[in-house]
Amino acid sequence: MKKIAFVASAVLSTATLLATAACTGGAPGTGSEDVKQDTSGQQEIRYMIGQPEDPADLELIKSDLKTFETKNPGITVKLDVIPSENVRTVLQTQLRSGQGPDVFGYDTGPGFAGALAKAGLVYDLTKAYADKKWPIYDFAKKRVTFDGKIVGVPSQIEEVGVFYNKTLFAKYGIAEPKSLTDLTAAAEKLKQNNVVPFAVSDKEGWQGGHLLSMSLSSAVGSKGMDDLLNGRTSWNTQPVVDSLAVWKDWNDKKLLTPSPTAVSYDNANALFYSGKAAMNPTGSWLALDIERNAKFDVGFIPFPAKDGAGIFSGGLGSGTFVSASTTKADASIKFLDYLLTPEHGRWAAEKLQDIPAYPIDTNGMTASPLFKQVLDDSAKIADGTGDFGYNIDVLTTDVFNNAMWKGIQGILSGQGDAAKVAAQLQTAYEKSAK
């Protein structure tokens, strides 16, 4: 998985899902007792994913499915690949009608999987976890647990920060930024040399959440983020305003791609790969594509704090889920069980540069310096030894996320105000808490 495959189309209104599920009656709440199961000897399960960014990843996934089928001769997997921008509509329509895929990839957290769980559209995997003893990290398991039910298998650990072109930095005598002041000065020097400082996109909207996640995490630290996400601190406070204002200020100074809200995620990445943009603020899921496409050395740093190096925004990305209306629960769970084997975890790390949300043996594994850094950082997230901020959108509701995404689009289009957006975030948070 690369985050774009799911996040770009992941928001489903909880109210809409509840209403449509009630109207159709197609999806029961647990999926285990209410649906008659297919007990035939040969079974085909349908597996829906968002279109990977790189066609090479899709070929790797198809090869992996063949490996699963070889090890499970009674089961075949029909891969259903949906364009990222269509996943939301297609998945919502199919799940609410009871005709959804048996297994599908989706984002974790209350605004994504939580909305599906509340609407009764995902299978309760609590018993499967107990029976199979799946070794998912505790923090990751919490991201797919709602109302006491575990409804998904977390797929990978991620971190959000700033990729930068080491070759361009060296050419213009720019050292790796160690503070927000350093980063701004680097961007201004790049602009003076006709290089786009930051390849920022926000056409799809979700990217704005990552921009705020990284600037805010470094501004308030892990405890500050925890206080915001748990309601102990208001979003309508100066640190939030300042973290939003950073992006407004840089946009006003033309340090970002022109008209970021008209720039797609793929186009911003292409700008970075071409060397026309020097920095790309996004997530670790892009590391493999950078290795395939960039012809220069790349560094990866946390978004700097005002007076220091800052911290990465870290956490969980997507997960794999089973439809509540599946008639092939046993086969679907066997597929999940395969995804959680140590062998598959190592394969995912080596081939796709995914960081599984469970322990894997990395001894002797070949990794580029860039991915080795990501791998080491992710291990600290898993064992709790590092200090990390949070990727906001996978920990908040769809109501909050919509306010955040639209608010930041307003800021980047020159129509929004940082203070007003901060106030809107607090209103959305309070609404979500009711």
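Counting of residues starts from 1 at the beginning of each chain's written sequence and follows it residue by residue. Given that the model is predicted, a residue must reach a pLDDT of at least 70 before its local features are reported, and side-chain atom pairs must reach 80 or more before they are shown or counted; all residues, however, enter totals for whole chains, interfaces and linings. Side-chain metrics rest on all non-hydrogen atoms present in the structure, leaving aside hydrogens and water.

Concerning the packing of aromatic side chains
Here is step 1: Between 30 and 60 degrees the pair is tilted, below 30 it is stacked and above 60 it is edge-to-face, where a pair is any two Phe, Tyr or Trp rings, Trp via its six-membered ring, whose centres lie within 6.5 Å. Taken as a whole and judged by the stated rule, the model has 19 aromatic pairs.
Here is step 2: Ring centres 5.0 Å apart and planes at 55 degrees place the aromatic pair Trp-206 and Tyr-265 in the tilted group. Residue Trp-206 is found in the loop between β8 (196–198) and α10 (207–229), and its partner Tyr-265 is found in helix α12 (residues 265–273); the two are separated by 59 residues along the sequence. When sorted by exposure, Trp-206 lands in the same class as Tyr-265, which is buried.
Here is step 3: With centroids separated by 4.8 Å and ring planes inclined at 55 degrees, the aromatic side chains of Trp-235 and Phe-400 adopt a geometry described as tilted. Placement of the pair is Trp-235 in the loop between α10 and α11 (238–252) and Phe-400 in helix α17 (residues 398–412), with a sequence separation of 165 residues.
Here is step 4: Taking the relative accessible area as the measure of exposure, Trp-235 reaches 0% and is therefore buried. For helices the rule is a DSSP run of H or I covering at least 4 residues; for strands it is a run of E covering at least 2, with both sets numbered from the N terminus onward. Only protein chains enter the area calculation, which uses a 1.4 Å probe; residues under 20% of their type maximum are buried, those over 50% are exposed, and those in between are partly exposed.

Examining the domain arrangement of the chain
Here is step 1: Splitting the chain by domain gives domain 1 (43–157 + 316–370) and domain 2 (159–314 + 377–433).
Here is step 2: Each domain's extent is set by a domain assignment, obtained either automatically or from a database. Inter-centroid distance (C-alpha atoms) of domain 1 to domain 2 is 27 Å.
Here is step 3: Two residues form a contact once any of their heavy atoms are found within 4.5 Å. Facing the 21 residues of domain 1 at the interface are 27 residues of domain 2.
Here is step 4: On the domain 1 side of the contact with domain 2, Glu-53, Gln-353 and Leu-370 bury the most area, a combined 32% of that side's loss.
Here is step 5: A pairing counts as a salt bridge when a side-chain nitrogen of Lys or Arg comes within 4 Å of a carboxyl oxygen of Asp or Glu. One can count two salt bridges joining domain 1 with domain 2.
Here is step 6: Between Arg-292 and Asp-54 there is a salt bridge, with its nearest N and O atoms 3.3 Å apart.
Here is step 7: Of all elements in the fold, only α3 (55–71) and α15 (342–352) reach the threshold of two or more residues within the side of domain 1 that touches domain 2.
Here is step 8: Tallying contributions element by element places α3 first for the side of domain 1 that touches domain 2, with three residues.
Here is step 9: Across the side of domain 1 that touches domain 2, the residue classes tally to 11 nonpolar, five polar and five charged. Note on definitions: buried area is the accessible-area loss of two parts on being combined, 1.4 Å probe, summed for both. Asp, Glu, Lys and Arg are counted as charged, while Ala, Val, Leu, Ile, Met, Phe, Trp, Tyr, Cys and Pro are counted as nonpolar; the rest, among them Gly, fall into the polar class.

Some points on the layout of surface pockets
Here is step 1: Computed from the structure, the largest pocket encloses a volume of approximately 660 Å³.
Here is step 2: Pro-110, Phe-146, Thr-396, Thr-397 and Ser-432 are, among the 27 residues lining the largest pocket, the residues nearest its centre.
Here is step 3: When its residues are assigned to classes, the lining of the largest pocket shows 11 nonpolar, eight polar and eight charged. Every definition here rests on a 1 Å grid over the protein atoms only: cavities are sets of points where a 1.4 Å probe fits but cannot get out, pockets are open sets enclosed by protein on both sides within 12 Å along at least five of seven lines, and lining residues have some atom within 4 Å of a point. Grid points are joined across faces, edges and corners, and a volume is the space filled by probe spheres set on the points.

Side note on the environment of Ser-155
Here is step 1: One can find Ser-155 in the loop between β6 (152–154) and β7 (157–165).
Here is step 2: The spacing of Ser-155 and Asp-330 is 175 residues in sequence and 20 Å in space, taken between C-alpha atoms.
Here is step 3: Beyond its immediate sequence surroundings of up to four residues, Ser-155 is in contact with Ser-318, Gly-319, Thr-320, Ile-355, Pro-356 and Ala-357.
Here is step 4: For Ser-155, the side chain forms a polar contact with the side chain of Thr-320, separated by 3.4 Å. N or O atoms closer than or at 3.5 Å make up a polar contact, with two conditions inside protein: a donor-capable atom paired with an acceptor-capable one, and, for residues adjacent in sequence, both atoms drawn from side chains.

Observations regarding the pairing of strand β2 (residues 75–82)
Here is step 1: Should DSSP find at least two bridges between two strands, the strands are regarded as paired. In terms of strand pairing, strand β1 (residues 43–50) meets β2 through eight bridges, oriented parallel. Paired with Ile-45 across the bridge in β2 is Val-77.
Here is step 2: A clockwise path from the first strand over the helix to the second, with the strands pointing away from the viewer, defines a right-handed crossover. Read from β1 through α3 to β2, the crossover connection turns out right-handed.

A closer look at the environment of Gly-105
Here is step 1: Turning to its location among the elements, Gly-105 is positioned in strand β3 (residues 103–107).
Here is step 2: For Gly-105, a relative accessible area of 6% corresponds to the buried category.
Here is step 3: Sequence separation of Gly-105 and Gly-208 is 103 residues, and the distance between their C-alpha atoms is 22 Å.

Quick look at the packing of α17 against helix α18 (residues 418–433)
Here is step 1: The axes are straight lines fitted to the C-alpha atoms, using for helices just the contacting stretch, and the angles between their N-to-C directions are given from 0 to 180°. Packing of α17 against α18 leaves a shortest axis separation of 8 Å and a crossing angle of 170 degrees. As summarised for this structure, α17 and α18 are arranged roughly antiparallel, according to the angle between their axes. Along the contact surface, α17 presents Val-399, Phe-400, Ala-403, Met-404, Gly-407 and Ile-411, while α18 presents Ala-418, Val-421, Gln-424, Leu-425, Ala-428, Tyr-429, Lys-431 and Ser-432.
Here is step 2: Of the residues that constitute the contact of α17 with α18, the class distribution is 10 nonpolar, three polar and one charged. Angles are sorted into four bins: roughly parallel if under 35 degrees, roughly antiparallel if over 145, roughly perpendicular if 65 to 115, and oblique for all others.

A closer look at the pattern of salt bridges
Here is step 1: Evaluation of the coordinates by the stated rule reveals 16 salt bridges.
Here is step 2: Here Asp-227 makes a salt bridge to Lys-223, at a shortest N to O gap of 3.0 Å. Of this pair, Asp-227 and Lys-223 both sit in helix α10, four residues apart, which is roughly one turn of the helix.
Here is step 3: Looking at Lys-223, the relative accessible area reads 60%, which means it is exposed.
Here is step 4: The partner of Asp-249 in a salt bridge is Lys-253, with the nearest N and O atoms 3.4 Å apart.

A short note on the nonpolar core
Here is step 1: In terms of nonpolar packing, the biggest core is built from 128 residues, with Trp-235, Trp-250 and Met-279 touching the most fellow members.
Here is step 2: Per-domain counts for this core show at least three residues from each of domain 1 (43–157 + 316–370) and domain 2 (159–314 + 377–433). Nonpolar core, defined: a set of buried Ala, Val, Leu, Ile, Met, Phe, Trp, Tyr and Cys residues in which side-chain atoms within 4.5 Å join the residues together.

Quick look at the sheet that holds strand β12 (residues 318–322)
Here is step 1: In spatial order, the strands read β2-β1-β3-β12-β6; together these five strands make up an open sheet with mixed pairing. Looking at strand neighbours, the two that pair on one side only are β2 and β6, the edges of this open sheet. Across the sheet, the mean angle separating the axes of adjacent strands is 25 degrees when strand polarity is ignored.
Here is step 2: Relative to β2, α3 is tilted by about 165 degrees, and along the sheet it contacts β1 and β2.
Here is step 3: This element, helix α14 (residues 329–339), spans β1, β2, β3, β6 and β12 of the sheet and lies at about 55 degrees to β1.

What about the pairing of strand β11 (residues 313–316)?
Here is step 1: Across four bridges, β7 lies against β11 in antiparallel orientation. Bridged to Glu-158 within β11 is Gly-315.
Here is step 2: Bridge count for β11 against strand β13 (residues 389–390) is two bridges, and the pairing is parallel. In the sheet register, Ser-313 faces β13, and the bridge partner there is Gly-389.

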